[in-house]
Amino acid sequence: MTPGTVYLVGAGPGDPELITVKARRVLGEADVVVYDHLVDADLLELTRPGCERIFAGKKGGQPCRPQSEIDGTLVRLALDGKTVVRLKGGDPFVFGRGGEEASALEAAGVPFEIVPGVTSALAAAAYAGIPLTHRLHSSAIILLTGHEDPSKEDATVRWEDYARLKATLCIYMGVKNLATIARRLEAGGLAPSTPAAVVQSATTDEHRRILGTLGTIAALAARAQVEAPAMVIIGEVAAFSDRLAWFESSRQLAAAR
Ligand code: SAH
């Protein structure tokens, strides 16, 4: 039997409207969709009747199932001739283990395609009114993980190294370790007065935003009981959120009507 194709598809940050036209098409063609915990349920409605749904969820960075099992499931379904959509939050190749899944498919001789998605750093910034680059304030963007795989040999990002780049730092999975991260960035020379923001559940009904500085953001986030999923954005550009946070303003207006 000819194997089916596996599409590794980015589901975007939460708002189901933020998926690509291609993602929508392949969802409509799939025999099976294997989806993650951060994927909006409305997206599953784009599949055709009878499309099998398999939850491969992960919470707080902890796989509910081992990655090898997910890889094996994708391979087995494709070898059964099924067209498979592997639907992942944000973009599949940004902290999404899409690289491991694509490698497993390649090794098994299964055809695959990657459909990029709006990664949560871009979405959180856009919806919080933070221009990630700005001619006067930032010429680089760095995507970092604040929760590294503890089984990795050299497990820690060297935060001090990122302090002197004059870049915008976008930290995924960083809320739990925010106090340590902030301390290490300061130790590396980043001024405590550097603007910083945390955006929780960006683009969804639960969207909320905390604004502060490198020196205050960890305490502010703790006080506000910020929970995952949340994006931490550090850099001069975070200050723009004060005036450009259009999403919250538009929701307040809508609520007042
Ligand atoms: N592949 C995903 C990232 C998966 S790692 C992507 O490209 O976005 C999971 C982390 O992404 C979360 O801990 C959080 O830091 C971030 N994240 C995902 N959705 C988010 C959202 N709606 N708002 C803020 N951060 C989000």
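Residues numbered from 1 in each chain as written. Predicted model: local features only at pLDDT ≥ 70, side-chain atom pairs only at ≥ 80, totals over all residues. Heavy atoms only, no water.

### Points about the sheet that holds strand β10 (residues 195-200)
The sheet built from five strands is open, its strands ordered β8-β9-β12-β10-β11 with mixed pairing. Looking at the sheet topology across the chains shown, the edges are occupied by β8 (141-145) and β11 (208-213). Strand-to-strand twist of the sheet, defined as the mean angle between neighbouring strand axes without regard to direction, takes the value 20°. The pairing of strand β9 (residues 168-172) with strand β12 (residues 230-234) spans four bridges and is classified as antiparallel. The residue bridging tyrosine 172 from the neighbouring strand is methionine 231, located in β12. (Pairing = 2+ DSSP bridges. Helix = DSSP H or I, 4+ residues; strand = E, 2+ residues; numbered from the N terminus. Axes fitted to C-alpha atoms, helices over the stretch in contact; angles between N-to-C directions.)

### Some words on the side chain of threonine 145
When you line up the elements, threonine 145 lands in strand β8. With a relative accessible area of 11%, threonine 145 lands in the buried category. Threonine 145 has contacts with Phe95, Val157, Trp159, Ile171, Tyr172 and Met173, leaving out every residue within four places of it along the chain. (Buried < 20%, exposed > 50% of the residue type's maximum accessible area, 1.4 Å probe, protein only. Contact = heavy atoms within 4.5 Å.)

### Notes on the domain arrangement of the protein
Domain boundaries in the protein define domain 1 (6-115) and domain 2 (120-248). On a C-alpha basis, the centroid separation for the pair domain 1 and domain 2 is 27 Å. Contacts between domain 1 and domain 2 engage nine residues on the former and 13 residues on the latter. Between domain 1 and domain 2 the total buried area reaches about 820 Å² when both faces are included, carbon and sulfur atoms providing 73% of it. At the junction of domain 1 and domain 2, the tally comes to zero salt bridges. Counting across the interface, domain 1 meets domain 2 through one residue pair in polar contact (both at pLDDT 80 or more). Residues that form the side of domain 1 that touches domain 2 fall into these classes: five nonpolar, three polar and one charged. (Domains from an automatic or database assignment. Buried area = accessible area lost by both parts, 1.4 Å probe. Salt bridge = Lys/Arg side-chain N within 4 Å of Asp/Glu carboxyl O. Polar contact = N/O pair within 3.5 Å; in protein donor to acceptor, adjacent residues only side chain to side chain. Nonpolar A, V, L, I, M, F, W, Y, C, P; charged D, E, K, R; others polar.)

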